[in-house]
Amino acid sequence: MTVAERFEQVQQYIPDNVRLIAVTKTHPVDVIQASYDYGHRHFGENKVQELLAKKELLPSDIVWHMIGHLQSNKVKQIASFVGLIHGVDSFKLLQTIDKEGKKNQRIIPCLLQVHIAEESTKFGFSPLELKELLLSKQMDEFKNVEIRGLMGMATFTEDKGQVRREFKMLKSLFTEIKQNWYSKVPHFNEISMGMSDDYQIAIEEGATMVRVGSALFGERDYSSNRTF
Ligand SMILES: *Cc1c(COP(=O)(O)O)cnc(C)c1O
């Protein structure tokens, strides 16, 4: 199947008001270029080094989404251009993003990652930690970050009922936070949830962004030491 056919197959389940982030980690630049030629502009990567190497070789109007766990010491390398950081999971990271945003004279769009999965391996704030963060005075001092919404990853399981419950939880947390903290903030309107195996459920439960990799580009090969 061509890249265009893959996109069409996935996109038929994605309404116009939901943004598809094409997750291209481990895939070479020619795959991204083919997606770009098809008309796609929003791509997600989870490693700073890989993102930088690819960006260098690709058109400059691509919107890069940093979707994985981000270390504070790497923020400066992407601060000048990153379109959206999905996985903000600590106060320290937020502080660093603000600082680097200031240096680059831009306001960096971010999503706060919430731990919704039963698995203990995933990063993110608990709902309680998130509310504590939002209550802290220091949040008002961040002038160079813009909190656009929440991001979450469901448990890796065959149990679709569980996945749906986790997405429902993120949606209701989003609604609560919107009402209490961001009711007058129109840009707080994103819920990034759903991947290849569960994006249709995520959309039914209120996702505004889905992050899809293998359904578009096939299985990832982590063993090859490709230089993209
Ligand atoms: C890899 C990744 C995805 C995409 O996963 P697929 O199952 O291949 O669609 C989505 N979100 C994050 C944070 C990822 O790391």
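In case you missed it, the structure is sitting above this.
Below or above, wherever it landed, is the structure these notes cover.

Rules used throughout
- Residues numbered from 1 in each chain as written.
- Predicted model: local features only at pLDDT ≥ 70, side-chain atom pairs only at ≥ 80, totals over all residues.
- Heavy atoms only, no water.
- Helix = DSSP H or I, 4+ residues; strand = E, 2+ residues; numbered from the N terminus.
- Rg over C-alpha atoms; globule rule 2.2 N^0.38 Å.
- Buried < 20%, exposed > 50% of the residue type's maximum accessible area, 1.4 Å probe, protein only.
- Contact = heavy atoms within 4.5 Å.
- Areas by Shrake-Rupley, 256 points an atom, 1.4 Å probe, with all protein chains shown as cover.
- Lys, Arg positive; Asp, Glu negative; His and termini not counted.
- Charge placed at Lys NZ, Arg CZ, Asp CG, Glu CD.
- Polar contact = N/O pair within 3.5 Å; in protein donor to acceptor, adjacent residues only side chain to side chain.
- Salt bridge = Lys/Arg side-chain N within 4 Å of Asp/Glu carboxyl O.
- Phe/Tyr/Trp six-rings, centres within 6.5 Å; stacked < 30°, edge-to-face > 60°.
- Lys NZ or Arg CZ within 6 Å of the ring centre and 35° of its normal.
- Core = buried A, V, L, I, M, F, W, Y, C linked by side-chain atoms within 4.5 Å.

Here we look at the overall build of the chain
Now for step 1: Tallying secondary structure elements over the chain gives 9 helices and 8 strands in all.
Now for step 2: Over its C-alpha atoms the chain spans a radius of gyration of 17 Å, differing by no more than 12% from the 17 Å that the globule rule assigns to 228 residues.
Now for step 3: For the chain, the spread of C-alpha atoms along the three principal axes comes to 50 × 45 × 30 Å.
Now for step 4: Residue burial in the chain is summarised as follows: out of 228 residues, 49% are buried.
Now for step 5: Look at the contacts in the chain between residues 6 or more apart in sequence, and 60% of them connect residues 24 or more apart.
Now for step 6: Looking at the chain as shown, the accessible area adds up to about 11300 Å², and 49% of this sits on carbon and sulfur atoms.
Now for step 7: One way to put it: in the chain the 29 positive side-chain charges average out to a point 6 Å from where the 30 negative ones average out.

Considerations on the side chain of Glu50
Now for step 1: By secondary structure assignment, the location of Glu50 is in helix 3 (residues 48-56).
Now for step 2: Here the side chain of Glu50 touches Thr26 through a polar contact of 2.6 Å, landing on its backbone nitrogen.

Looking at the pattern of salt bridges
Side chains that differ in sign of charge can pair as their charged atoms come close.
Now for step 1: Inspection of the entire model under this criterion finds 10 salt bridges.
Now for step 2: With a shortest N-O distance of 2.6 Å, Arg164 and Glu205 are connected by a salt bridge. With Arg164 in helix 7 (residues 160-181) and Glu205 in the loop between helix 8 (199-204) and strand 8 (209-212), this pair connects stretches of sequence that are 41 residues apart.
Now for step 3: Residue classification places Arg164 among the partly exposed residues on the basis of a relative accessible area of 27%.
Now for step 4: Residue Glu205 is classed as buried on the basis of its relative accessible area, which comes to 11%.
Now for step 5: Within the structure, one salt-bridge network assembled from shared partners comprises Arg164, Lys168, Glu204 and Glu205.

Points about the packing of aromatic side chains
Now for step 1: As enumerated under the stated definition, the model contains 6 aromatic pairs in all.
Now for step 2: Ring plane angle 40° and centroid distance 5.5 Å describe the contact between Phe91 and Phe142, whose orientation is recorded as tilted. Of this pair, Phe91 sits in helix 5 (residues 91-103) while Phe142 sits in the loop between helix 6 (127-135) and strand 6 (145-152), placing them 51 residues apart in sequence.
Now for step 3: An aromatic cluster is present here, built from Phe7, Tyr38 and Phe217 joined pairwise through their rings.
Now for step 4: Over the ring of Tyr36 we find Arg41, and its NZ or CZ is 3.6 Å from the ring centre.

Thoughts on the nonpolar core
Now for step 1: Core analysis: the biggest nonpolar cluster contains 61 residues, and Ile85, Leu94, Ile97, Leu112, Leu130, Leu150 and Val210 have the highest contact counts within it.
Now for step 2: Looking at this core, the element that brings in the most residues is helix 7, giving 6 residues.
Now for step 3: Apart from residues lying up to four places away in sequence, Ile97 is in contact with Val75, Ile85, Val88, Ile108, Cys110, Asn144 and Val145.
Now for step 4: Ranked by size, the runner-up nonpolar core spans 5 residues in total, among them Ile21, Leu84, Leu111 and Met151.

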